[in-house]
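# A closer look at the structure
Each chain is listed here by its residues.
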Amino acid sequence: MTQPPPSAQPAGRPTREELALTEIGHTEISPAAARVAMVVVTVGLALAPLAEIARDFVDYRRGERPSPWPTIAGIGPVIADAVIAWSAAPGGLLNRMLEANHVLRIGLQRYEDELEEASWFRERVQPATQWLLCRLLRAGNEPTLIGRSGVLYYGPELEHLAGAGFLDPGQLERRRRSGDRWTPAPQPDPVAAIVEFRDQLAARGIHLIVMPVPVKIGAWPAGFTDRRLGSPPLRNRSWPQFRAALERHQVEILDIAEVMRNFPPDLRAGPYLRTDTHWRPETMEAIAAALAQRIRPRLPAVPPTTYRASPALVTNRGDLAVMLNLPASAPWPAPEVAAIRQVISPDGRPWTSDPTAEVLLLGDSFANIFSLDSMRWGSAAGLAEHLSLALQRPVDRMVRNDAGAYATRHLLFGELRRRPERLANKRVVVWQFSERELSLGDWKLLSWPPRADRAAGGATP
């Protein structure tokens, strides 16, 4: 006699699935408990705006506000602007609705941002609440994740690692269709943009080296996994396909993960800053040295320029610690100390970019982290500076802190339109960007400006 499968139920008895469907939406609660829950929720929802209104009135009485009207009253002009847009829009009913909705959406976003910035709850209550969540539950917030060892990570990087393959046809199509009337959809294919840029540079006799920087949570997942020291970094599932596509198109790529395998154990154990999204200065310097080895054979031999390094210590709380929005007096996370080496030019002054150099670095915040004073990790000690130090020759630099998928190319093309000779003597262009751009970036295809020799009617020197 054949036995029924373990999941089979006796005739007449509902299955677990049927029971679940029956119970969904049916929760028994006493009338008294329901009334208490309703009162608690209602009071909780009303408490914040009432407190904000009271605070605005007190500030007005103190002379700190020009009007007795609370900040929340700013919604009125937003609605008025939408009504005006409805009245002024040409065309039929649908077009009027779309225009009014566009104005209303932008106005509401601006209103919400202003309300959030002026919020007493955000200023006083949220930091203290976040501190308790961090210390008791080890819970971060939307942009910041807290690892087991107290190392901070950037949330969108986890989305890049664990999400769909950035080269999966379905994912590419979803991103192509993700725009609307006011926000254009991104160009999601990084291979197309990289190959196009390589061809544009090759037409001018310039070699391209692509240098994607692994995201922190992939290269150093100590807070989330038990991976052994020296294990390959975690990467998006489309990485092998991406790497193979660049090799097939003969695009040179410096895989930083391969460089990291040769790091000493202490650097492999912590190649990134604990409280920041970016790498440690020692990691960046080792990458600069490996990059110099790739570049050096493509440059003519010249007498070396005597760049030198001057050590310094910087102390700062990283960008991830700032994004937690904790009280200023919070003892955790503690300020972090980094040992940088500032690069000094032959004239004794801090390193500066040289537009006439044969090497051009296009980079994002990973190139800026120890260069830009506003990032508070020192100056004259970044990727371009240490590439100059390793090559012992000048380097040209164009960097933007965000949108590495297109921002520096856009910046370069803008300069070429103003000065067509901008790349006249360049031999190598290094394009550095964060690997999360492969999933989240807009890989715009950009038209190349006219060449200097064609514009002038002569030959390129």
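Computed from a predicted structure; not experimentally measured.

Looking only at helices and strands, one finds 19 helices and 9 strands in the chain. A buried classification covers 41% of the 461 residues belonging to the chain. For the chain, contacts bridging at least 24 residues in sequence account for 74% of all contacts bridging at least 6. Total accessible area on the chain is roughly 25100 Å²; 58% of this is exposed by carbon and sulfur atoms.

Turning our eyes to something else, we now look at the pairing of strand β7 (residues 359-363). Most of β7 sits out of view: 5 of its 5 residues are buried. Judged by which residues are buried, β7 turns out to be covered on both faces: Val359, Leu361 and Gly363 on one side and Leu360 and Leu362 on the other are all buried. In terms of strand pairing, β7 meets strand β9 (residues 428-434) through 4 bridges, oriented parallel. Bridge pairing in β9 links Leu360 to Val429. Sheet topology note: the β7/strand β8 (residues 396-399) ladder contains 4 bridges and is parallel. Each bridged residue has a counterpart across the sheet, and for Gly363 the counterpart in β8 is Val399.

In space, the 5 strands of this open sheet follow the order β4-β3-β9-β7-β8, with parallel pairing throughout. Two strands bound the open sheet, and with one partner strand each, they are β4 (252-253) and β8. Helix α17 (residues 407-418) rests against β7, β8 and β9 of the sheet, and its axis sits at about 120° to β8.

Moving on, we get to the environment of Asp276. Of note, Asp276 is situated in the loop between α12 (265-268) and α13 (281-295). For Asp276, a relative accessible area of 2% translates into the label buried. Residues in contact with Asp276, not counting those within four places in the same chain, are Lys216, Gly318, Asp319, Leu320, Ile369 and Trp377. Only 3.1 Å separates the side chain of Asp276 from the side chain of Trp377, close enough to count as a polar contact.

Relative to each other, helix α8 (residues 190-202) and α17 sit at 30°, their axes nearing to 12 Å. By the angle between their directions, the pair α8 and α17 is classed as roughly parallel. When you trace α8 past α17, the crossing you get is left-handed. Contacts between α8 and α17 involve Ala193, Glu196, Phe197 and Gln200 from the former and Arg409, Leu412 and Phe413 from the latter. In terms of residue class, the contact of α8 with α17 is built from 4 nonpolar, 1 polar and 2 charged.

What follows is about the packing of aromatic side chains. Taken as a whole and judged by the stated rule, the model has 11 aromatic pairs. On the basis of an interplanar angle of 55° and a centroid distance of 6.2 Å, the ring pair of Phe197 and Phe413 is categorised as tilted. Highlighted residues: Phe197 in helix α8 and Phe413 in helix α17, separated in sequence by 216 residues. Comparing Phe197 with Phe413, the two get one shared label, buried. Taken together, a centroid distance of 5.1 Å and an interplanar angle of 80° make the contact between Phe433 and Trp443 edge-to-face. Of this pair, Phe433 sits in strand β9 while Trp443 sits in the loop between α18 (437-440) and α19 (452-456), and the two are 10 residues apart along the sequence. A single burial state applies to Phe433 and to Trp443, both of which are buried. Three or more aromatic residues joined by ring pairs make a cluster, and in this case those are Phe197, Phe413, Trp431, Phe433, Trp443 and Trp448. For Lys216, the ring lying beneath its charged end belongs to Tyr153, and the centroid distance is 5.4 Å.

As a rule of thumb, soluble globular proteins bury nonpolar side chains together. The biggest cluster of nonpolar side chains holds 51 residues, and the ones touching the most others in it are Met211, Trp279, Ile295 and Phe370. A per-element tally of this core places α13 first, with 7 residues. Counting residues in hydrophobic clusters, the runner-up holds 31 residues, among them Val210, Phe242, Leu362 and Phe433.

This paragraph deals with unusual backbone geometry. Here the residue pair Trp332 and Pro333 is connected by a cis peptide bond, since its omega of -5° sits within 30 degrees of zero. Among the secondary structure elements, Pro333 is positioned in the loop between α14 (319-323) and β6 (336-344). Residues other than glycine seldom take positive phi values, yet Gln250 does so here, at roughly 60°. Within the element layout of this structure, Gln250 appears in the loop between α10 (239-248) and β4. If you check the backbone angles, Arg376 has positive phi at about 65° while not being a glycine. Secondary-structure assignment places Arg376 in the loop between α15 (365-368) and α16 (383-391). Residue Arg376 is classed as exposed on the basis of its relative accessible area of 62%.

This part takes up the confidence of the model for the chain. Taken as a whole, the chain shows an average pLDDT of 84; of its residues, 84% reach a score of 70 or greater. For residues 1-11, every residue scores under 50 in pLDDT, and the model assigns this stretch 2 contacts once sequence neighbours within four places are set aside. Confidence drops under pLDDT 50 across residues 453-461; counting only partners more than four residues distant or on other chains, this segment forms 5 contacts.

Rules and cut-offs
Residues numbered from 1 in each chain as written. Predicted model: local features only at pLDDT ≥ 70, side-chain atom pairs only at ≥ 80, totals over all residues. Heavy atoms only, no water. Helix = DSSP H or I, 4+ residues; strand = E, 2+ residues; numbered from the N terminus. Buried < 20%, exposed > 50% of the residue type's maximum accessible area, 1.4 Å probe, protein only. Contact = heavy atoms within 4.5 Å. Areas by Shrake-Rupley, 256 points an atom, 1.4 Å probe, with all protein chains shown as cover. Pairing = 2+ DSSP bridges. Axes fitted to C-alpha atoms, helices over the stretch in contact; angles between N-to-C directions. Polar contact = N/O pair within 3.5 Å; in protein donor to acceptor, adjacent residues only side chain to side chain. Parallel < 35°, antiparallel > 145°, perpendicular 65-115°, else oblique. Left-handed = near helix turned anticlockwise from the far one by under 90°. Nonpolar A, V, L, I, M, F, W, Y, C, P; charged D, E, K, R; others polar. Phe/Tyr/Trp six-rings, centres within 6.5 Å; stacked < 30°, edge-to-face > 60°. Lys NZ or Arg CZ within 6 Å of the ring centre and 35° of its normal. Core = buried A, V, L, I, M, F, W, Y, C linked by side-chain atoms within 4.5 Å. pLDDT = per-residue confidence, 0-100.

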